[in-house]
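Chain residues, written in single-letter form:
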Amino acid sequence: MQNPVPRLATAHTGPLLSLETRLLERTADIEAWFRRQWVETPPPFYSSVDLRNAGYKLAPVDTNLFPGGFNNLNATFEPLCVQALKTALLRVCPSAQGLILVPENHTRNKFYMENVATLFSLIQKAGYRVHLGSLLPDLSEPREITLELSGRKLLLEPLVRDGDQVRVGDFTPCAVLLNNDLSAGVPPILQNLRQDVLPPVGLGWHARKKSQHFGFYRETARELAAVLDIDPWLIDPMFRNCGQINFMKREGEECLVSNVELMLNDLRAKYREYEIPHEPFVIIKSDAGTYGMGVMTARSADDVREMNRRARSHMASAKDGSDVTGAIIQEGVPTFERVGAEQAAAEPVVYMIDQFVVGGFYRLNSQRGNDENLNAPGMRFEQLAFDECCGHPDLAAAPDAQPNRFYAYGVIARLAALAAAREVTAVTSMSATAAAA
């Protein structure tokens, strides 16, 4: 039985209901617009998008190009994933040679490895040969591991470089699929390969900036808003960024303070315009991927000025011991969705392969408020009951009925994926220019 749509814990749902109504009215225009965009800009191989439903707006707050939660998707929709993988792989491996999947090195993370096993299985079911090419420094020969949660077995094989290609054993693939976000940088074995690397190594978190992504998203949101004849703000979170930050040394603090003040003033004006009876807030986080690390909520500039040493240490933390050197100040979009018996604060996470929405889940955290980061200790996941891949709304049902709410999620997730596609194109073009020079 499918899960019900979660209730919004606020009566202030008018603007969102209006937005959902507009999405239903303009479904044909929306789908035609997306079709044109995908012809112009190929979609990323895969992505996941964290959304926030505030009742008065629906917007993405993060887009991941190395999604690590395929094990959390509803198995019922496995055929959607397989079909989408066939489409995505046909683009890069038309001769069906197969590929090497490069995972993260944290093999002791039992949940992450279940994700790897699920993704591995999906690629196999799409009809492709696939091997796990590991970057573990102590791996000199194939190693079979048994997963603690499911009992599934995986064979990790050392990745080997031959000239400008990589292989495992005697298998040389047509492409390399990264499920490793390269937070620590691009290892030499993956640099300047002749094979396609998906996503491109230049999109790893050692180089990628969230502010760059949301700059592209701002463009796509404005374009779709023009199609829908709505205020782009209803689907676009405001943001600003500071490029030189050292939280421990308090360097760049004035940049943060001034940008927090400016954004809060802009948000107060929007709240007055839409008669939103809440106090605005902003989220400050690393401009690179954080796995939920280094995130704070600020309701005034004083929250930045008055950070104690422990808070500064928290904000300076990043994955793989990297230093936080830049910050994005993002509009705080509260979540008014509640899921489960405990009515935990929840946010939908939508998964895409190629241009297709293939599922998702709710990230729940009963220990966090609706204005806080839910990707933190205490979180859990509940499968999101997508219907027809979020691509087919029920025009006869209410705007906030289950398939229509999920269709709205799918529209915004695809908008974020389109922004990521333009980001990939820009990075690839820059890399090609640099190589030519």
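Our subject is the structure that appears above.
Residues numbered from 1 in each chain as written. Predicted model: local features only at pLDDT ≥ 70, side-chain atom pairs only at ≥ 80, totals over all residues. Heavy atoms only, no water.

Engineer: Can you break down the overall build of the protein residue by residue, with the values?
Structural biologist: Along the protein, the regular secondary structure elements total 9 helices and 19 strands. Taking all 437 residues of the protein together, the buried fraction comes to 55%. With an accessible surface of roughly 18,400 Å², the protein has 49% of that area assigned to carbon and sulfur atoms. (Helix = DSSP H or I, 4+ residues; strand = E, 2+ residues; numbered from the N terminus. Buried < 20%, exposed > 50% of the residue type's maximum accessible area, 1.4 Å probe, protein only. Areas by Shrake-Rupley, 256 points an atom, 1.4 Å probe, with all protein chains shown as cover.)

Engineer: Break down the state of the cysteines for me, with residues and values.
Structural biologist: What the rule picks out here adds up to 2 disulfides. The side chain of Cys242 participates in a disulfide bridge whose partner is Cys255; the two sulfur atoms lie 2.1 Å from each other. In this structure the cystine formed by Cys242 and Cys255 twists about its S-S bond by roughly -95°; its chirality is therefore left-handed. With Cys242 in strand E12 (residues 239–242) and Cys255 in helix H6 (residues 253–273), this pair connects stretches of sequence that are 13 residues apart. Regarding the disulfides, the protein carries the connectivity 1-2, 3-4 under sequence-order numbering of its bonded cysteines. (Disulfide = S-S within 2.5 Å.)

Engineer: Break down the sheet that holds strand E4 (residues 99–103) for me, with residues and values.
Structural biologist: The 6 strands lie next to each other as E6-E7-E5-E4-E10-E11, forming an open sheet whose pairing is mixed. In this open sheet, the two strands that pair with only one neighbour each are strand E6 (143–146) and strand E11 (196–198). Taking the axes of each pair of neighbouring strands and ignoring which way they run, one obtains an average angle of 35° across the sheet. (Pairing = 2+ DSSP bridges. Axes fitted to C-alpha atoms, helices over the stretch in contact; angles between N-to-C directions.)

Engineer: Could you give an account of the sheet that holds E12, with specific residues and numbers?
Structural biologist: In space, the 4 strands of this open sheet follow the order E12-E15-E13-E14, with antiparallel pairing throughout. Among the strands making up the open sheet, the edge pair consists of E12 and strand E14 (295–298). Recorded for the sheet is a direction-independent mean angle of 20° between the axes of neighbouring strands. Bridge count for strand E13 (residues 282–286) against strand E15 (residues 327–331) is 5 bridges, and the pairing is antiparallel. Within the sheet, the bridge partner assigned to Val282 lies in E15 and is Glu331. Against the sheet, helix H5 (residues 210–228) engages E12, E13 and E15, with an angle of about 150° to E12. (Contact = heavy atoms within 4.5 Å.)

Engineer: I'd love a proper account of the packing of helix H2 (residues 27–40) against H5, names of residues and values included.
Structural biologist: Interaxial distance between H2 and H5 falls to 10 Å at its minimum, and their mutual angle equals 145°. Seen from above, H2 lies across H5 with right-handed handedness. Packed against H2, whose contacting residues are Asp29, Ile30, Trp33 and Gln37, the element H5 presents Thr220, Glu223, Leu224, Val227 and Leu228 at the interface. (Left-handed = near helix turned anticlockwise from the far one by under 90°.)

Engineer: Run through the side chain of Gln330, naming residues and quoting values.
Structural biologist: Considering the arrangement of structural elements, one finds Gln330 in strand E15. Separated by 3.1 Å, the side chains of Gln330 and Lys285 make a polar contact. (Polar contact = N/O pair within 3.5 Å; in protein donor to acceptor, adjacent residues only side chain to side chain.)

Engineer: Explain the packing of helix H3 (residues 78–92) against helix H4 (residues 110–125) to me, and be specific about the residues and the numbers.
Structural biologist: One way to put it is that H3 packs onto H4 with a least axis distance of 8 Å and a crossing angle of 70°. Judged by the angle between their axes, H3 and H4 are roughly perpendicular. The two elements H3 and H4 cross, and the hand of that crossing is right-handed. The segment H3 lies against H4, with Glu78, Cys81, Val82, Leu85, Lys86 and Leu89 engaging Leu122, Ile123 and Lys125. (Parallel < 35°, antiparallel > 145°, perpendicular 65-115°, else oblique.)

Engineer: Residue-level account of the packing of aromatic side chains, with values.
Structural biologist: Overall, the coordinates contain 13 aromatic pairs when judged by the stated rule. Consider the rings of Tyr56 and Tyr271, whose centres lie 5.7 Å apart with planes at 70°: the pair is edge-to-face. On the criterion of sequence distance, the pair formed by Tyr56 in the loop between strand E2 (46–53) and strand E3 (58–64) and Tyr271 in helix H6 is long-range, its members being 215 residues apart. Its relative accessible area of 2% is what places Tyr56 among the buried residues. (Phe/Tyr/Trp six-rings, centres within 6.5 Å; stacked < 30°, edge-to-face > 60°.)

Engineer: Tell me about the pairing of strand E10 (residues 175–179), and please be specific about residues and values.
Structural biologist: Across the 5 residues of E10, 5 count as buried, placing the element largely inside the fold. Bridge count for E4 against E10 is 5 bridges, and the pairing is parallel. Note that in E10 the partner of Leu99 across the bridge is Ala175. The sheet contact formed by E10 and E11 spans 3 bridges and is parallel. Within E11, the residue paired with Ala175 across the bridge is Asp196.

Engineer: Describe H3, naming the residues involved and giving the relevant values.
Structural biologist: The first and last C-alpha atoms of H3 sit 21 Å apart over 15 residues, in line with the 21 Å expected at 1.5 Å per residue. When H3 is considered as a whole, its buried residues turn out to be Cys81, Val82, Ala84, Leu85, Ala88, Leu89 and Val92. One side of H3 holds all its buried residues, which, seen down the axis, span an arc of 165°. Of the residues in H3, the exposed ones pointing more than 90 degrees away from the buried face are Pro79 and Leu90. (Expected span 1.5 Å × (residues − 1). Arc of directions from axis to C-beta.)

Engineer: Let's hear about the pattern of salt bridges: which residues, and what values?
Structural biologist: Between side chains of opposite charge, a pair can form when the charged atoms approach closely. The full count for this structure, using the stated rule, is 24 salt bridges. Across the salt bridge formed by Lys210 and Asp62, the nearest N and O atoms sit 3.3 Å from each other. Of this pair, Lys210 sits in helix H5 while Asp62 sits in strand E3, and the two are 148 residues apart along the sequence. Each member of the pair, Lys210 together with Asp62, is buried. Shared partners join several salt bridges into a network, and the residues in it are Asp50, Arg52, Glu347 and Arg363. (Salt bridge = Lys/Arg side-chain N within 4 Å of Asp/Glu carboxyl O.)

Just distances and angles here, no functional claims.
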